[in-house]
Amino acid sequence: MNLPRPHLYGLLGEFDTPKQLLDAAKRVREAGYRAIDAFAPFPVEGLSQALGLGRKHDLVPLITLLGGLGGGLTGFFFQLWVSASSYPENIAGRPLNSWPAFIPVTFELTVLGASLSAVFGMLALNKLPQPHHPLFNVERFKRASNDKFFLCIESHDPKFHLEETARFMQGINARHVTEVRDED
Amino acid sequence: MSAGDPPVSSPEIRRLARVLEPGHSYASVTDKIASIVLTRPTSIGWLAGFGLAFTIMMVLMISIAWLIIKGVGIWGINIPIGWGFAIVNFVWWIGIGHAGTLISAILFLLNQKWRTSINRFAEAMTLFAVACAGIFPLIHTGRPWMAYYMFPYPTTMGLWPQFRSPLIWDVFAVSTYGTVSLLFWFVGLIPDLATLRDRATNKAAQIIYGMLAMGWRGSARHWHRYQSAYLLLAGLATPLVLSVHTVVSFDFSIAIVPGWHTTIFPPYFVAGAIYSGFAMVLTIAIPLRAAYDLQDFITMRHLENMAKVMLATGLIVAYGYFFEFFMSLYSGNKFDVFLVQQRLHGPYSHYYYALILCNILTPQLLWIQKVRNNVAALFVMSLVINIGMWLERFVIVVISLTRDFMPSAWGRYQPTFWDWSTFIGTLGLFTSLLFLFVRGLPAISIAEMRELVAHSEEHS
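Residues numbered from 1 in each chain as written. Chains lettered and ligands numbered in written order. Predicted model: local features only at pLDDT ≥ 70, side-chain atom pairs only at ≥ 80, totals over all residues.

**Re the overall build of chain B**
In terms of helices and strands, chain B carries 17 helices and 0 strands. Taken against the 2.2 N^0.38 rule, which gives 23 Å for 460 residues, the C-alpha radius of gyration of chain B at 23 Å falls within 12% of a compact globule. Each of the three principal axes of chain B carries a C-alpha extent, and together these read 70 × 60 × 40 Å. Across the 460 residues that make up chain B, the buried fraction comes to 48%. A fraction of 83% describes how many contacts in chain B between residues 6 or more apart in sequence connect residues 24 or more apart. (Helix = DSSP H or I, 4+ residues; strand = E, 2+ residues; numbered from the N terminus. Rg over C-alpha atoms; globule rule 2.2 N^0.38 Å. Buried ≥ 20, exposed ≤ 12 C-beta atoms within 10 Å, placed from the backbone. Contact = placed C-beta atoms within 7 Å.)

Written as structure tokens, this is what we have:
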């Protein structure tokens, strides 16, 4: 009867075990829904594949590589510039470009750059910090950080229809199917 | 029980092989671990322990204040023994800090399930140990307010740090190690902070944990990237943890002082660091599991495995001592030979014999399974090893510096009251931070324990 209203975020269903969630995710994908997400209190093996998240969705390794290269190269050439150009010290005629002595700091800065990029890259790609999210309006969703597993079909999916989708979710054994609304 | 475990027969063996006692569900592990932080009342024991630790920490504050007022002359250091307690304690603390990242990173890459319930507080211990370690070189500079000179920043004097010096490598190694350990620890905490946010009943806790959790909601897309970031961090932290004590050992081995200038230092420092780190993890784990009834999560299997790691790294350390000794004699270098004689018969020889007793002889008891399965014996053993590793650094720093090339340059070292008060004070700082950590954050990773539950359900 009602068309999805703009502040309807989606439909949320609850599952008891990771296996049920995994099966449900596969069936939701098979039914043609694409704007879906699953929620679990720990990483469930195979869930990313079931939701169709491949390697290409994961930019974290690339960002980490770039961060590491950036840190290492900056570290090395900075030391070289300082020791050979900006503040050269002639100590008994030893070479100014004493590169082996620059390796420890280069290594440390490689690791530092890569680690900072891995963590902040992961947070940025996940759009965190994000203090408010419509899902937090659902009281039962608190258990997503405890012992329950959730699947959400979002309302912007082209196939989304409030009643049909709700019926479909009940069909795949989702319990407590709830409308998620963003009250503003 | 995980698939890789050996076949088990008797109930007793099965009990000892478990990394998680049976009968736990997702909700029960969440309840049990989160309740330590959220619902349990603050016990008298906690208050007494924290009070004592805090008092000892005040000793540190007073010692540092007096140091800043009077200068490093209040310590026993002199010429030729310029390093003294500050460096002994620095190396000791930074070594202790190695177990956390080793457990988190290396055991994670090796897929060792038993790391799960001990990694969180071992990482916390790492951070606190690095904090204690960092104090010493800082105050040893004599003018700690000038410590920023060690970082490369554009000064109006046009000066830069000397990048060919191991002391500058140390600045970078320790600060990188501290930062990466903090990142690793915090990333691991995010899902658990979300759990605490969702379970907290008072407003202040909800807001604080809510801000720290940054809106984590356990989305599969988030977990996907989270896992890859965590794996990458583990991969990065693994060479890092090996590099830190290597660089610390360069502080010694790059110098030409007898007893320091040897190539065995990096590997044997790293092994010693892991040795003392595991000893400290045991020192903390044993009272922690007793105080908060965590025997289901920190099982005998964990304690025994840690004992085995201590035994193995202890043997590497023993090998290091032996070859240090052998190479000095074999080299025929008269200064090195003389140093060995000084260790055995010199004025500090009792420290050397105590070190051999603590680090090499006592840990051989760990070959006996009865000892490895005896909680009290393990606790005593861990304390003995901690003391032994401290003595090792004392022997390295003091004997070499008091007996170098020229008899005219020889000296003696006598730690003063302020040396001891600063050292004991850092123990107070370390313990205070641990007490606060146990009360404010989940001491065991809840999300990873749930994974363990899921894993054991699949296999049962």
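And the narrative resumes.
**A look at the overall build of chain A**
Helix and strand content of chain A: 5 helices and 4 strands. In terms of overall dimensions, chain A is more spread out than a globule: its C-alpha atoms have a radius of gyration of 25 Å, far above the 16 Å expected for 184 residues. For chain A, the C-alpha atoms occupy an extent of roughly 85 × 35 × 30 Å along the three principal directions. Expressed as a percentage of the 184 residues in chain A, the buried residues total 41%. For chain A, the share of sequence-separated contacts (at least 6 apart) that also reach a separation of at least 24 residues comes to 80%.

**Thoughts on the interface of chain B and chain A**
With 48 residues of chain B at the contact, the number on the chain A side is 50 residues. Broken down by secondary-structure element, the contributors of at least two residues to the side of chain B that touches chain A are α2 (26-38), α7 (166-199), α9 (220-253) and α17 (446-459) of chain B. A total of 16 residues in the side of chain B that touches chain A trace back to one element, the largest contributor, which is α9(B). Taken together, the residues of the side of chain B that touches chain A sort by class into 26 nonpolar, 15 polar and 7 charged. (Nonpolar A, V, L, I, M, F, W, Y, C, P; charged D, E, K, R; others polar.)

**Some words on the domain arrangement of chain A**
Structurally, chain A comprises domain 1 (8-56 + 132-181) and domain 2 (60-125). The gap between the C-alpha centroids of domain 1 of chain A and domain 2 of chain A is 44 Å. (Domains from an automatic or database assignment.)

**Observations concerning unusual backbone geometry**
Omega for the bond connecting Leu128(A) with Pro129(A) falls within 30 degrees of zero, at 0°, which places this linkage in the cis form. Here Pro129(A) lies in the loop between α4 (103-125) and β3 (149-154). That bond from Ile79(B) to Pro80(B) is cis: its omega, 20°, falls within 30 degrees of zero. Structurally, Pro80(B) can be placed in the loop between α3 (44-70) and α4 (84-96). Phi is positive for Lys127(A), which is not a glycine, with a value near 55°. Tracing the chain through its elements places Lys127(A) in the loop between α4 and β3.

**Re the packing of helix α5 (residues 98-109) of chain B against α9(B)**
Residue and element names in this part refer to chain B. Packing of α5 against α9 leaves a shortest axis separation of 8 Å and a crossing angle of 140°. On the basis of their axis angle, the class for α5 and α9 is oblique. In this structure, α5 meets α9 at a crossing whose hand is left-handed. From α5, His98, Thr101, Leu102, Ser104, Ala105, Ile106, Phe108 and Leu109 reach across to α9, where they touch Ala234, Gly235, Ala237, Thr238, Val241 and His245. (Axes fitted to C-alpha atoms, helices over the stretch in contact; angles between N-to-C directions. Parallel < 35°, antiparallel > 145°, perpendicular 65-115°, else oblique. Left-handed = near helix turned anticlockwise from the far one by under 90°.)

**Observations concerning α7(B)**
Residue and element names in this part refer to chain B. Between its first and last C-alpha atoms α7 spans 48 Å; for 34 residues at 1.5 Å apiece the expected length is 50 Å, and the two agree. A maximum bend of about 40° is found in α7 at Ile190, where proline Pro191 lies one to four positions downstream. Burial within α7 is extensive, with 26 of its 34 residues counted as buried. (Expected span 1.5 Å × (residues − 1). Bend = angle between axes of the 7 residues up to and from the residue.)

**Brief notes about the nonpolar core**
Within soluble globular proteins, side chains that are nonpolar tend to cluster in buried spots. In terms of nonpolar packing, the biggest core is built from 182 residues, with Leu151(A) and Val281(B) touching the most fellow members. Two domains each provide a minimum of three residues to this core, namely domain 1 (8-56 + 132-181) and domain 2 (60-125) of chain A. In contact with Leu151(A), not counting residues within four places along its chain, are Gly13(A), Phe15(A), Leu21(A), Ala24(A), Ala25(A), Val28(A), Ile36(A), Ala38(A) and Ala174(A). (Core = buried A, V, L, I, M, F, W, Y, C linked by C-beta atoms within 7 Å.)

**Side note on the packing of helix α11 (residues 300-331) of chain B against helix α12 (residues 334-345) of chain B**
Helix-helix packing is described using two parameters, namely the angle between the two axes and the distance between the axes. Residue and element names in this part refer to chain B. Relative orientation of the contacting elements α11 and α12 amounts to 135°, with a least axis distance of 7 Å. As summarised for this structure, α11 and α12 are arranged oblique, according to the angle between their axes. Handedness of the α11/α12 crossing: left-handed. Counting all contacts with α11, which are made through Phe325, Ser328, Leu329 and Ser331, the residues of α12 involved are Asp336, Val337, Leu339 and Val340.

**Looking at the environment of Leu339(B)**
Note on placement: Leu339(B) falls in helix α12. Once you skip the residues sitting within four places of it in the chain, Leu339(B) turns out to touch Pro258(B), Gly259(B), Ser328(B), Ile399(B), Ser400(B) and Arg403(B).

**So, the environment of Leu62(A)**
All names here are of chain A. In this structure, Leu62 sits in helix α3 (residues 60-86). On the basis of neighbour counts, which here come to 11 C-beta atoms within 10 Å, the residue Leu62 falls in the exposed class. Separated by 84 residues in the primary sequence, Leu62 and Asn146 place their C-alpha atoms 32 Å from one another.

**Considerations on the pairing of strand β1 (residues 8-15) of chain A**
Residues and elements named next belong to chain A. By the criterion of burial, β1 is predominantly enclosed, with 7 of the 8 residues buried. Strand direction decides the pairing type here: β1 and strand β4 (residues 175-181), joined by 5 bridges, are antiparallel. Bridge pairing in β4 places Gly10 opposite Val180. Bridge count for β1 against β3 is 6 bridges, and the pairing is antiparallel. Note that in β3 the partner of Leu11 across the bridge is Ile153. (Pairing = 2+ DSSP bridges.)

**What to know about the sheet that holds strand β2 (residues 36-39) of chain A**
Residues and elements named next belong to chain A. A sheet is described by the order of its strands in space; here 4 strands give the open sequence β2-β3-β1-β4, paired in antiparallel fashion. On the outer flanks of this sheet lie β2 and β4, each paired with one strand and no other. Along the sheet, successive strands turn relative to each other by an average axial angle of 20°, direction set aside. The sheet contacts of helix α1 (residues 18-30) involve β1, β2 and β3, and relative to β3 the element is tilted by about 15°.

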